[in-house]
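Below are the chains, spelled out letter by letter.
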Amino acid sequence: MTDQAVQGEVGRARPRKEDARLITGQTNWTDNISVNGLLHMAILRSPMAHARITRVDVSPALERPGVVAAFSGADLAEGLNSLPCAWPVTEDIVLPDHPPIAVDEVRHAGDPVALVVARDRYAATDALEAIEVDYDPLPPVLDLEAALADDSPLVHSDKGTNRCYVWPLKTGEDFDSVRQRAEVTVKRRYVHQRLIPNAMEPRAVVVTPLAASGEYTLYSATQIPHILRVMMAVVTGIPEHKIRVIAPDVGGGFGSKLQVYGEEALALAVARRIGRPVKWTESRSEGYLATHHGRGMIQDIEIAANRDGKLLGLKVDLLTDMGAYLMLVTPGIPILGAFMYPAIYKMDSYDFTCTGVFTTRTPTDAYRGAGRPEATYAIERIMDELAHELGLDPVELRRRNWIGHEEFPYTSIAGLTYDTGNYEAATEKALALFDYDKLRAEQADRNSRGDTVRLGIGVSTYTEMCGLAPSRVLRDLRYAAGGWEAASIRMLPTGKVEVITGTSPHGQGHVTSWSQIAADVLGVPFEDVEVVHGDTKAAPQGMDTYGSRSLVVGGSAVHHAAVKVVDKARKIAAHLLEASEQDLEFSGGVFSVKGSPDARKTIQEIAFETFTSHDLPDGLEPSINAEHLLDPENFSYPHGTHLCAVEVDTETGQTRIRSYVCVDDVGKVVNPTIVEGQVHGGLAQGIAQALYEEAVYDDEGNLVSGTMADYLVPSAPDLPEFTTERTETPSTTNPLGVKGVGEAGTIASTPAVVNAIVDALRPFGVDDVRMPCTPERVWRAVRSGMEASA
Amino acid sequence: MIPPAFDYVRPTSVDEAVRALAEGGEEAKVLAGGQSLLPLLRLRLAFPELVVDVGRIPGLRGVREDGDMLVIGAMTTHHDVVHDPLVRRHAGLLAAATATVADPAVRHRGTLAGSLAHADPAGDLPAVVLALDGEMVAQGPRGRRTIAARDFFVDYLQSSLEPDELLVEVRLPKADGWGFHYEKFHRVSQSWAMVGVAALVRRADGHIAEARIGLTNMSSVPLRATATEQALTGAGDAEAVARAAESAAEGTHASQDASATPEYREHLTRVLTRRAVLAAAGMG
């Protein structure tokens, strides 16, 4: 769609208002913030996965130059409560204590043990080396299955088990009976490696205390300033109204900053203790140990079908790695996926169980997609296995099972009501762009020639639940907070507009998109809108940014608030134009009287009239500002079809992505450039899981891939040209018709790539390659396939 | 990522640098482009007491000819090497391999001599200079000496430079008329080579008259695949090259890490050697 075809702002590919300052760095990142008397905090971390702390002596650190204070965990224990888990998914979940700094036991490499506060960062880091700690090693707990055995060492010995929870969901016909009547069943085990989120900006926190009033300002590179404020009050006991949280410009999160971190509480506690401002910034390798990880899951999945490909049922058993502690939403991540395994398909039976397991590794939590990529991976991988078993083209198998566009709204077997979708349209468009039939012909040719380089074609469809979330659903899922979002709009006397949002962008471009939404409703120029966010004093209410929720919930709230502004302005316009409200038209920011186009008032004029309040209707409040808090009625359900062609060098195992086509349906699009950027970034991260990234631990529980030299984040030269297109089936559950796009690319690309690799290797009898599909793993798969057939 | 404290000097002549190194002894480290030393400092894997920055010494940067030799000054950056017409004409293998080093930012700061002195067997350039039969010129309190590449790399991150010696020049015999290819295998473009093969081939009468093959990351030092080099003499077709490449991993001691096992690295060495030689010989 070209810009010229777009009426108004929504749909226009506006360059982002944020770009000038973000790209040039002429802005405030948390680590740039400096205040008088600022001290720097450095944290000593456990070098062991699991040990009792028998002695900590910080006094030698106090002798080091520039050191102001040093504390052990015991020194800080009083006045610091356990870090919160806001999502206890079952009534009998095991909720271990999680001190912000370890007191008597460390449970993963990187667990904080002691800290130093000094005049500069170098002095603080140097002084850590003087702290003396004695550890009594305890056995690490690393294997998810072994951890559940009766004789396993325990991560939390006071709990008597490493089993955190068991969460079942059974719907439709009993799976055992479905299995009995099924003509075909396929069962597989898939493993999701642990991933490290790698936001471009490391975490950082600055706390400035105001001793006279007992107030604290906490700056943090966080996705969730509002939730953080509540939780800091809970953890430190400082009254909530005495805490102001500011998320300045934040350089990415991918879920890793959807968290309440011990370091945030420690900076606050230390600033309170010594009455001085304190800063802490993690180094990249420190972040690899201390910032939460993503994924980490074993999936046993079984699918039952008839010979014609008709799906009958699905059984899913998950073991998910919680890591050492439950962080903000750790237990809920796989539950976000629980509803997505049936994906876009119709079936009669669904049997899901998730078991959370403690290990002595860095805690896991949300990472781009959060449960939904895992679900999509498993169903889309096993759909390919079933297609192979049945001798069907994988696209055809999907076609025979997906929900038809005429069947919406459709309630899935997992109980979600998908409002709209058109899987046929997205798939047809993707197939055409990809030139599917031609690639299949080339593949057959290479196979028949026994070419060293094989071609593989991978398909992945997907849907996801975005727009988190209806608060009552969250209640039913035992999540501790609501899912609403807040927006308010201030009409300034000069006709300019401030939009105050409760979302907290960290790269998503909300300032631009929210400006477009408000400009359209209010009829003001895009340039006249400013968006205020990320400060609990300036934007006091909000539920922040994660889970592709911001546009669907927060953007819709902006829309509703703007409509309220227009409604209020209409009353004043009617008064000034001496007409009835019903006789007024509002278009392009102008109120005019029907039939007398010369009788008109702009919304800017109304704003000024409201400011002076010289001539308002009797009894009318002198304001056209408005606020709207929106609790969504349903999730939104983006969907799409991704196709990937890979060339696999069977001699070396090297995989090269030759072409990648995705057609995503994210509903109405506010800003096509931002959407495309989200898709590109999402694809990069999803492909990274398939091919490159893995947090590798040794048998002692040490993180082996502890720097960016060992943890392989791909960059532009490693990625193919993406062909990104869209279909547009508007959501019916919000006024904008939008669905969310932050996670789509990550969700669909991982299975598309792995399906393509397995497809390339089918002639060698290969039916799986474990992620990441390293060259060696691919080479070994080929070799064992060749040996098996020899 | 906070380096430990160290003293820093920035000499303006080689003599001054050598004096500083002599005074610093074992605890002194040379800083050239900083692309190896700075990461080690930031990860607190190196704790020098003195850093001697040779970046402002005049006359160390640039490429010149000296008869049949090409002379590359110690502060010549990777970017300079890639684009230098003399290097491209007389040591195309070095230009080609250097173009694969890390990313443009690193290539604009990192230096050839720094990479060689760092002696990381996973670096691309040690194996290339070994294949080119290069030599290093070191200057110390006792004057200058020339060290052949085969004697220069002693162990992992260890060269035969004395602590008070500065590598001032890299000398390469002109490889005019040799076909060349650097076959680098890595998982992402910015990661070190899992295995690299530097091949130089001289052909006569349609056959391989002479071949030199350097191996990256197949031992604690860069290696020459001598068995394959010998077996290639007289090879006239792809099949003969393939047979010769079967012995490419002889004498290697590959390491195990999160990306690959030694067995796989040895397999890659054989495959990549075949490919590199075929490409260098124009037989691909």
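Note that this is a predicted model, so its numbers are computed, not measured.

Let's talk about the overall build of chain B
Alright, step 1. Per the secondary structure count, chain B includes 12 helices and 14 strands.
Alright, step 2. Taking the principal axes of its C-alpha atoms as reference, chain B extends roughly 60 × 45 × 30 Å.
Alright, step 3. Residues classed as buried in chain B amount to 52% of the 284 residues present.
Alright, step 4. Here the analysis covers contacts within chain B between residues at least 6 apart in sequence; of these, 63% occur between residues at least 24 apart.

Let's talk about the interface of chain A and chain B
Alright, step 1. Opposite the 24 residues of chain A that make contact, chain B presents 18 residues.
Alright, step 2. At the level of secondary structure, the elements contributing two or more residues to the side of chain A that touches chain B comprise helix 4 (121-128), helix 9 (284-290) and helix 21 (775-789) of chain A.
Alright, step 3. A breakdown of the residues in the side of chain A that touches chain B according to their chemical character gives nine nonpolar, eight polar and seven charged.

A short note on helix 12 (residues 262-280) of chain B
Residues and elements named next belong to chain B.
Alright, step 1. Helix length check: helix 12, at 19 residues, gives a terminal C-alpha distance of 26 Å against a target of 27 Å (1.5 Å per residue), a fit within 8%.
Alright, step 2. When you tally the buried positions in helix 12, you get 15 out of 19 residues, the bulk of the element.
Alright, step 3. Where helix 12 ends, the next residue or the one after it, Gly282, has phi of about 70°, a positive value.

With respect to the packing of helix 11 (residues 372-390) of chain A against helix 20 (residues 744-761) of chain A
Residues and elements named next belong to chain A.
Alright, step 1. Closest axis-to-axis distance for the helix 11/helix 20 pair is 8 Å, and the angle between their directions is 30°. When the axis of helix 11 is compared with that of helix 20, the two are roughly parallel. At the point where helix 11 passes helix 20, the crossing takes the right-handed sense. Residue-level contacts link Arg372, Pro373, Thr376, Tyr377, Glu380, Arg381 and Asp384 of helix 11 to Thr746, Ile747, Ala748, Thr750, Pro751, Val754, Asn755 and Val758 of helix 20.
Alright, step 2. Partitioning the contact of helix 11 with helix 20 into residue classes produces seven nonpolar, four polar and four charged.

A word on the domain arrangement of chain B
Residue and element names in this part refer to chain B.
Alright, step 1. Taken as a whole, chain B is organised into domain 1 (7-53), domain 2 (63-172) and domain 3 (193-280).
Alright, step 2. Computed over C-alpha atoms only, the centres of domain 2 and domain 3 are separated by 21 Å.
Alright, step 3. Taken residue by residue, the interface counts 15 residues in domain 2 and 15 residues in domain 3.
Alright, step 4. Of all the secondary structure elements, the ones that give two or more residues to the side of domain 2 that touches domain 3 are helix 5 (92-98), helix 8 (124-131) and strand 8 (153-155).
Alright, step 5. Top contributing element to the side of domain 2 that touches domain 3 by residue count: helix 8, with six residues.
Alright, step 6. Each residue belonging to the side of domain 2 that touches domain 3 can be placed in one class, and the counts come to 13 nonpolar, no polar and two charged.

What counts and what doesn't
Residues numbered from 1 in each chain as written. Chains lettered and ligands numbered in written order. Predicted model: local features only at pLDDT ≥ 70, side-chain atom pairs only at ≥ 80, totals over all residues. Helix = DSSP H or I, 4+ residues; strand = E, 2+ residues; numbered from the N terminus. Buried ≥ 20, exposed ≤ 12 C-beta atoms within 10 Å, placed from the backbone. Contact = placed C-beta atoms within 7 Å. Nonpolar A, V, L, I, M, F, W, Y, C, P; charged D, E, K, R; others polar. Expected span 1.5 Å × (residues − 1). Axes fitted to C-alpha atoms, helices over the stretch in contact; angles between N-to-C directions. Parallel < 35°, antiparallel > 145°, perpendicular 65-115°, else oblique. Left-handed = near helix turned anticlockwise from the far one by under 90°. Domains from an automatic or database assignment.

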